[in-house]
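Examining the three-dimensional arrangement
Here's the letter readout for the chains.
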Amino acid sequence: MSEARAAVPLLHRPVTVHAWEDIVFAHWRHDPDVLGRMLPRGTRPDVVDGSAWVGLSAYVFRETRVPPFPPSGRLGSMTEVTIEVLTVDDHGRHGVAYRTVDTDNVPAIVAAHALLGVPYTFAHAGSRRRGDTVAHRSVRHPNRALHPFRAARAPRLTPTGRPGGSPRPRHAAAVRVVAGPVTTAPLAVELTTRAGIHARHLAQTVFWQRQHPPLTIRSARVEQLSGDLPAAVGLPGLFDRAPDSALVVDATTVRYAWGDVVR
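What counts, and where the lines are drawn
Residue positions within a chain follow its written sequence, with the count starting from 1. Per-residue local features of the predicted model are confined to residues with pLDDT of at least 70, and side-chain atom pairs are confined, for both listing and counting, to 80 or more; whole-chain, interface and lining totals are unaffected and use all residues. Neither water nor hydrogens contribute to the side-chain values; these are computed over all heavy atoms in the structure. Numbering of helices and strands runs from the N terminus, with a helix taken as a DSSP run of H or I at least four residues long and a strand as a DSSP run of E at least two residues long. Each residue is assigned to one of three classes by its accessible area relative to the maximum for its type, calculated with a 1.4 Å probe on protein chains only: buried under 20%, partly exposed between the two thresholds, exposed over 50%. Here, residues are in contact when the closest pair of their heavy atoms is within 4.5 Å. We get accessible surface area from the Shrake-Rupley algorithm with a probe of 1.4 Å; when it comes to residues, only the shown protein chains can shield them. Among the buried residues, those of types Ala, Val, Leu, Ile, Met, Phe, Trp, Tyr and Cys that are joined through side-chain atoms within 4.5 Å form a nonpolar core.

Broken down by element type, the protein carries 5 helices and 14 strands. Counting across all 263 residues of the protein, residues that qualify as buried make up 51%. Looking at the protein alone, contacts between residues at least 24 apart form 72% of all its contacts between residues at least 6 apart. Summed over its atoms, the accessible surface of the protein is roughly 12,300 Å², and 54% of this surface lies on carbon and sulfur atoms.

Rendered as structure tokens:
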């Protein structure tokens, strides 16, 4: 059943199409009451295998297209590092609600805030792959995280708040995993195959469909997981314990389209 979620026909024409590569997921079981207070109206934590879940996902988007236009050079390739909560709404749609999507692609940040309601945040983000080892990293800077255009014209501040020097990086996340064999475990499918995104937009909760072929999912061994990015989104200490699930997903193509208003 969960494998078929992302194969549901899109209700509307896609707004973006991406090649999705070097995909890493780490998920933790978490208190549903804590997560529920973070979610858009009309959604609740999705209970999977008896637990609510919060996750880190990190990946590379390449060949981004906004149909009917060809791939865009400005939107074409970006690393994204996210903190997300698994959600379900009253219509039974199993999605995710992003607490943050950190990337250094300014056009994507502006478009996501204005059009999608997805909380993109400016950060220096990068990825690397060597064989089966996949690594992603994001680092925010205090005077650029919330408004990259305005920050470009602002004087640089030292950690003490004085002009000059370089700002101190904060709210970083780094993950490095080694991909293992393919897994078809139901839990792995549930955690990675979500029907779309629940987001707050213009005082409403909206749902964006996500569509892709069935995923090839691999178990993963975590070599590094560090940073305080979860603290920036109300989840301090999340990285202090090992994830309850770590997975790598092979490259695929993902399409996003308007769903409807949840509430």
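Moving on from the coordinates now.
Once that is clear, we can look at unusual backbone geometry. Phi is mostly negative for residues that are not glycine, and the peptide bonds are mostly trans. Even without being a glycine, D49 presents a positive backbone phi close to 55 degrees. When you line up the elements, D49 lands in the loop between β2 (43-45) and β3 (52-65). You will see that A203, though not glycine, has its phi angle at about 65 degrees, which is positive. By secondary structure assignment, the location of A203 is in the loop between β10 (196-201) and β11 (204-211).

Time to look at the environment of A185. Looking at the secondary structure, you find A185 in the loop between β9 (170-182) and α4 (186-192). For A185, a relative accessible area of 33% puts it in the partly exposed group. C-alpha separation for the pair A185 and R218, spaced 33 residues apart in sequence, amounts to 9.9 Å.

Turning our attention to the nonpolar core. In terms of nonpolar packing, the biggest core is built from 32 residues, with W20, F61, Y98, V118, Y120, I197 and I217 touching the most fellow members. Per-element accounting of this core gives the leading share, 4 residues, to helix α2 (residues 106-116). What I197 contacts, discounting residues up to four positions off in sequence, is V96, Y98, V118, V206, F207, W208, R210 and Y256. Membership of the second largest hydrophobic core comes to 26 residues, among which are V81, A97, V233 and F239.

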